[in-house]
Amino acid sequence: MKTTTKKTAVKTAKPSREQELRAGIEQKLSRYFGTTPAEANKDQVYKAVLLAVKDILAAKRTRFKKNVAAQEGKRVYYLCMEFLIGRQLKNNLGNLGIEKEYAAILKDWGYDLDELYELEADPGLGNGGLGRLAACFMDGLTSQNYSATGFSILYEYGLFKQKIVDGDQMELPDVWMPSGESWLVPRTDKTCTVRFGGHITENWVDGKCDIVHTNYTEIQAVPYDILISGADCEAVNSLRLWKATAVNNFSMNLFSQGEYFRAMEEQNQAAIISKVLYPSDNHEEGKLLRLSQQYFLVCASLQSIIADHLRSYGNLNNFAEKVSIHINDTHPALVVPELMRILIDTYSYTWEDAWAIVTKTVSYTNHTVLPEALETWNEDLFRYKLPRLHQIVCEINRRFCADLWNRYPGDWDRITHMSIISHNRVKMANLSIVGSHTVNGVSKLHSDILTKTIFSDFYNYTPEKFTNVTNGIAHRRWMCYSNPGLCDLLDETIGTAYRKNPDKLQDLKKFADDKATLDRLSQIKMDNKVRFSNWLKSRTGVGIDPASLFDVQIKRMHEYKRQLLNTLRIISLYVQLKDDPDMEMMPQTFIFGAKAAPGYYMAKQIIKLIYCISADIEKDPKLREKMRVVFAEDYRVSMAEVLIPAADVSEQISLAGKEASGTGNMKLMINGAVTIGTLDGANVEIAEAVGADNIYIFGLTTPEVDDLWRRGYHSSEYYNANELLRRAVDYLKVGFNGVNFTEFYNYLLMGPGVADPYMCLADFDSYCKAHDRLLADYADRDAWAKKSLMNIASAGVFAADRSIRDYAENIWHIKPILEKNN
């Protein structure tokens, strides 16, 4: 008789979160590098950490997608030519709430997490405010559990890496992929094709018109996804980036004949599309490339969107109910005719039914009030590159103009202005407005200007289309993760709720008169200034004094942003110190960060002027005690994360009526910098939020600017009336660092064209007086700390979370995905 022994199950303790995270890194080291933590080098550990975090995100993404599918909620697809997402490791660890555990694990192995952060390159996927806004919005969408996908292009070399050589900007390839590509998830299973050029013929059979496209060039669009984390949420969304490749990468026949370059020609021509962001378009080839990039993005993205929808619902009849497509600026405006093409040519919808779907699905954000910045294309070029879309745009235009004629019979000027095609130009902003259900500006002032000026005819025609959504920033990245000292103070004073609900920052106002809090805030600012000073010294060899006032202007280099006005004031101080080196003056460090478009001569010359002033000051030890000028080369997100928390003063000095919104102003504000600015863009709302005592407003208002132009603006009148201004402008002819800048003297007083087109001279006196008030207030450190505190406490309304709720409720009509246990 057999006897059996009963086995008792032994319960094993569930590993702690830190143990699971440690095991995840160890597995990556073993699998990908065949090594252990004790034997691995820093680069291997960095990549193992990155891969382990990506696995965590992928698991969360799978669970979230199940919830999205189960709830059949409406999804938003956000198309933008750029997404300036910045480094991902620190942001993801912060959002996932595991940074402290990772730091402890790595410390056990002899590594510093902060050092690993520095191994990651800034992804070269954007340029400035437009791309940074798109990245902030993906953070806000994800953190609030909305289902969203971003679409852009996988730029191999980004915009460019800026190098300043003797004051001249040099553009070098931004080689970011080697340390950044590990975040990419290849989705070759989602590859699609995009057609360019060729000939279109109509083939009528049984009363149905089939469109036949022949002799076209076909390019493959290969998707790569970056997983986007959210803070304290279940959602993980994706940013899909398209890489262009040839359908036939390589000709073995040509290679065998010794035609090596021709063997690779098709691949090289295709790959150009995803090489560089915003290629120079001051020649025909550049224009063709930009148009090709825009259609490539739109065509591939719509194929992906429609495939997603068909997998869920099987047909497109409820497409507008379940899908919202948002075009961020006019670069993706081809969504309108391309979606029409797909619905009509592929799925046999009538024109009327297709148009109803398009206009219920698409919405558009405008980002400029400058008429010259509204994108247009030569119609012949458009027809050549996109023959079928040209036919569709012509029909959209014909029908729209017919409607306008019924509304405004005989008003040719109005109809021509509103038409999508006129004078051999295809107007992308007009196309975007006509094809969208909602059009928004990005600040109250900007939206008001749009409806009263450049889009006034459209507003009068369909006022219900127009609304405003003021921009916002990812406050967790730009404050919580970039300024940990400040967040420690906030946690201790008002709790941690502000991390998820930025409106809670208002609670900090209770401490506005608390001496201990103000002292702590001042010390945090000093610590951040020391950190940036050390960062700058280690990379450039330039040493700056943390005890000086840090006056910061960081934005794209452009005439309307008026870095030149800032520079004129610096020259006026320089001239005064040259006259009297012992002049009493608060030590100030002026910090600029900006890139100029490669073909933008005047912007490049402003950079050279700033550089040469800096070089002259560096030669004079006496001047260096009072003022320093720093042009921070190759300004980027990772630099901003160190610089912004260190700023005392935020320069937001565009000519009133020219800046759409700005987001740098919000990032600086939430980190305690005090704004000096015009009533332009979001500055107006910042001034309302913080109160007149906590911001330094100067200069002409938008109505005053318009009135001055009408009456006739003569910059020489301001030049002659102000001795300090006159001396500063005259000194441009003397020059700096051996370089003569007479062209700026001529630009400000004589043209070409209109002299001083952005009214630097008109606002100079008011600007200097505002600075005088600012410097007097800065001398009282407690009073200044209170202003800084009030800026931080008032910044919650400028968080991307609020912006996204506005879009979700008023434009996209989407709801958060409910969290479920899986």
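Here, the structure is the one placed above.
Residue numbers here run from 1 along each chain, matching the order of that chain's written sequence. Given that the model is predicted, a residue must reach a pLDDT of at least 70 before its local features are reported, and side-chain atom pairs must reach 80 or more before they are shown or counted; all residues, however, enter totals for whole chains, interfaces and linings. As a rule here, side-chain values cover all heavy atoms of the structure and leave hydrogens and water aside.

Draft legend 1. Here's a closer look at the overall build of the chain. Helix and strand content of the chain: 36 helices and 23 strands. For the chain, the C-alpha radius of gyration of 28 Å lies close to 28 Å, the compact-globule estimate for 822 residues. Along the three orthogonal principal directions, the C-alpha set of the chain runs to about 100 × 95 × 65 Å. Counting all 822 residues of the chain, 59% fall into the buried class. Should any heavy atoms of two residues lie within 4.5 Å, those residues are considered in contact. Of the contacts formed within the chain by residues at least 6 apart in sequence, a portion of 76% connects residues at least 24 apart. Reported accessibility uses the Shrake-Rupley method at a 1.4 Å probe radius. Residues are deemed covered only where the shown protein chains occlude them. Accessible surface for the chain amounts to roughly 33500 Å². Of this, 50% is attributable to carbon and sulfur atoms. Positive: Lys, Arg. Negative: Asp, Glu. His and the chain ends are not part of the count. Charged side chains are reduced to one point each, which is NZ for Lys, CZ for Arg, CG for Asp and CD for Glu. In the chain, the 97 positive side-chain charges and the 104 negative ones have mean positions that sit 6 Å from each other. Only DSSP runs of H or I covering at least 4 residues are called helices, and only runs of E covering at least 2 are called strands; the numbering of each starts at the N terminus. Every radius of gyration here is taken over C-alpha atoms, with the globule rule written as 2.2 Å times N^0.38, N being the number of residues. Working definition: with a 1.4 Å probe on protein chains only, accessible area under 20% of the residue-type maximum means buried, over 50% means exposed, and in between means partly exposed.

Draft legend 2. Examining the packing of helix 11 (residues 284-313) against helix 13 (residues 335-346) more closely. Direction vectors running N to C along helix 11 and helix 13 enclose 45°, while the axes themselves pass 10 Å from each other. It follows from the interaxial angle that helix 11 and helix 13 lie oblique. Seen from above, helix 11 lies across helix 13 with right-handed handedness. Here helix 11 contributes Y295, V298, C299, L302 and I306 to the contact with helix 13, which in turn contributes V335, E338, L339, R341 and I342. Charged residues are taken to be Asp, Glu, Lys and Arg, nonpolar residues to be Ala, Val, Leu, Ile, Met, Phe, Trp, Tyr, Cys and Pro, and polar residues to be all remaining types, Gly included. Each residue belonging to the contact of helix 11 with helix 13 can be placed in one class, and the counts come to 8 nonpolar, no polar and 2 charged. Axes, fitted as lines to C-alpha atoms, cover a helix only where it is in contact. Angles between the N-to-C directions of the axes lie from 0 to 180 degrees. Roughly parallel refers to an angle under 35 degrees, roughly antiparallel to one over 145, roughly perpendicular to one between 65 and 115, and oblique to any angle outside these ranges. Note: crossing handedness is left-handed where the near helix turns anticlockwise from the far helix by less than a right angle, and right-handed where it turns clockwise.

Draft legend 3. Structural detail: the environment of G131. With respect to the secondary-structure elements, G131 resides in helix 6 (residues 129-143). In this structure, the C-alpha to C-alpha distance between G131 and N328, residues 197 residues apart in sequence, is 9.4 Å. Other than its neighbours up to four places away in sequence, G131 contacts E82, F83 and L84.

Draft legend 4. Broad picture of the nonpolar core. To qualify as a nonpolar core, a set must consist of buried Ala, Val, Leu, Ile, Met, Phe, Trp, Tyr and Cys residues joined through side-chain atoms within 4.5 Å. Ranked by size, the top nonpolar core spans 174 residues in total, and within it F296, F455 and F532 carry the most contacts. When residues of this core are assigned to their parent elements, the largest contribution, 11 residues, is made by helix 11. In contact with F532, not counting residues within four places along its chain, are I544, F550, I591, V642, L643 and A646.

Draft legend 5. Up close: unusual backbone geometry. Residue P752 is bonded to the preceding G751 through a cis peptide linkage, with omega at 15°. In this structure, D329 takes a positive phi of about 75° despite not being glycine. Summarising the element assignment, D329 is placed in the loop between strand 11 (323-328) and helix 13. With a phi close to 65°, N424 is a non-glycine residue in the positive phi region. Structurally, the position occupied by N424 is in the loop between strand 14 (421-422) and strand 15 (425-427).

Draft legend 6. Up close: the pairing of strand 22 (residues 674-677). Burial along strand 22 is two-sided: V674 and I676 and T675 and G677, pointing in opposite directions, are all buried. As paired elements, strand 22 and strand 23 (residues 696-697) share 2 bridges and run parallel to each other. Within strand 23, the residue paired with I676 across the bridge is Y696. The handedness of the strand 22 to strand 23 crossover, carried by helix 29 (residues 683-690), is right-handed. Only strands that DSSP links by at least two bridges are regarded as paired with each other. Here, the term right-handed applies to a crossover whose path from the first strand over the helix to the second runs clockwise when the strands point away from the viewer.

Draft legend 7. Spatial organisation of the sheet that holds strand 13 (residues 376-378). Taken together, 3 strands build an open sheet; the order of strands is 13-15-14 and the sheet is antiparallel. The open sheet is flanked by strand 13 and strand 14, the only strands paired with a single partner. Of the pairings in the sheet, the one linking strand 14 to strand 15 comprises 2 bridges and is antiparallel in character. By the bridge assignment for strand 15, S422 is matched with R425.

Draft legend 8. Layout of helix 24 (residues 563-579). Between the first and last residue of a helix there are one fewer steps than residues, each counted as 1.5 Å, and that sum is the expected span. Relative to the 24 Å expected for 17 residues at 1.5 Å per residue, helix 24 spans 25 Å between its end C-alpha atoms, a close match to the ideal helical length. The element helix 24 is extensively covered by neighbouring structure, given that 14 of its 17 residues are classed as buried.

Draft legend 9. Layout of the layout of surface pockets. Using a 1 Å grid laid over the protein atoms alone, points where a 1.4 Å probe fits but cannot get out form a cavity; open sets with protein on both sides within 12 Å along at least 5 of 7 lines form a pocket; any residue with an atom within 4 Å of a point counts as lining. Grid points are joined across faces, edges and corners, and a volume is the space filled by probe spheres set on the points. The space that makes up the second largest pocket amounts to roughly 1300 Å³. Along the wall of the second largest pocket there are 40 residues; nearest its centre are K90, E99, C480, Y481 and P484. Looking at the lining of the second largest pocket, the elements with two or more residues in it are helix 3 (89-96), helix 4 (99-108), helix 5 (113-117), helix 21 (475-480), helix 22 (484-494), helix 23 (515-540) and helix 27 (637-643). Residue composition of the lining of the second largest pocket, by class: 14 nonpolar, 7 polar and 19 charged.

Draft legend 10. Main features of the packing of helix 13 against helix 16 (residues 387-407). One way to put it is that helix 13 packs onto helix 16 with a least axis distance of 9 Å and a crossing angle of 100°. Regarding the angle of helix 13 to helix 16, the classification is roughly perpendicular. Mapping the contact onto sequence places V336, P337, E338, M340, R341, I344 and D345 in helix 13 and R388, L389, I392, V393 and I396 in helix 16. A per-class count over the contact of helix 13 with helix 16 returns 8 nonpolar, no polar and 4 charged.

Draft legend 11. A look at the environment of H771. Looking at the secondary structure, you find H771 in helix 34 (residues 760-778). Taking the relative accessible area as the measure of exposure, H771 reaches 1% and is therefore buried. Each residue touching H771, except ones within four places of it in the same chain, is listed here: D551, R569, E651 and I676.

Draft legend 12. Structural view of the packing of aromatic side chains. Working definition: a ring pair exists when centres of Phe, Tyr or Trp rings (six-membered ring for Trp) sit within 6.5 Å. Plane angles under 30 degrees give stacked, over 60 give edge-to-face, the rest tilted. Enumeration over the complete set of coordinates arrives at 27 aromatic pairs. When the centroid spacing of 6.1 Å and the interplanar angle of 80° are considered together, the rings of Y78 and F137 count as edge-to-face. One end of the pair, Y78, is in strand 1 (residues 75-79); the other, F137, is in helix 6, and 59 residues separate them in sequence. Since its relative accessible area comes to 1%, F137 is described here as buried. Residues Y731 and F736 carry aromatic rings whose centres are separated by 5.3 Å and whose planes lie at 40° to one another, so their mutual orientation is tilted. Overall, F736 belongs to the buried group, its relative accessible area being 0%. Each member of the aromatic cluster is reached from another via a ring pair, and the members are Y78, F83, F137, Y807 and W812. Between K595 and the ring centre of F160, over which it is positioned, the NZ or CZ distance is 5.1 Å. Only lysine NZ and arginine CZ atoms are considered, and such an atom sits over a ring when it is within 6 Å of the ring centre and within 35 degrees of the ring normal. Against the face of W478 rests K667, its NZ or CZ located 4.8 Å from the ring centre.

Draft legend 13. Structural detail: empty space enclosed by the protein. As enumerated under the stated definition, the model contains 6 cavities of 30 Å³ or more in all. Size it by volume and the largest cavity reaches roughly 110 Å³. In terms of lining, the largest cavity is formed by I85, Q88, N91, N92, N95, R132, A135, D139, I228, S229, A474 and R477. Grouping the amino acids of the lining of the largest cavity by side-chain chemistry returns 4 nonpolar, 5 polar and 3 charged.

Draft legend 14. Highlighting the sheet that holds strand 23. Read across the sheet, 6 strands follow the order 20-19-18-21-22-23 without closing on themselves; strand pairing throughout is parallel. Single-partner strands in this sheet number two, and they are strand 20 (627-631) and strand 23. Relative to strand 20, strand 19 (residues 588-593) is paired through 5 bridges, and the arrangement is parallel. Bridging across to strand 20, F590 finds its partner in V629. Sheet contacts for helix 23: strand 18 (549-554), strand 19 and strand 20; angle to strand 18, the most-contacted strand, approximately 65°.

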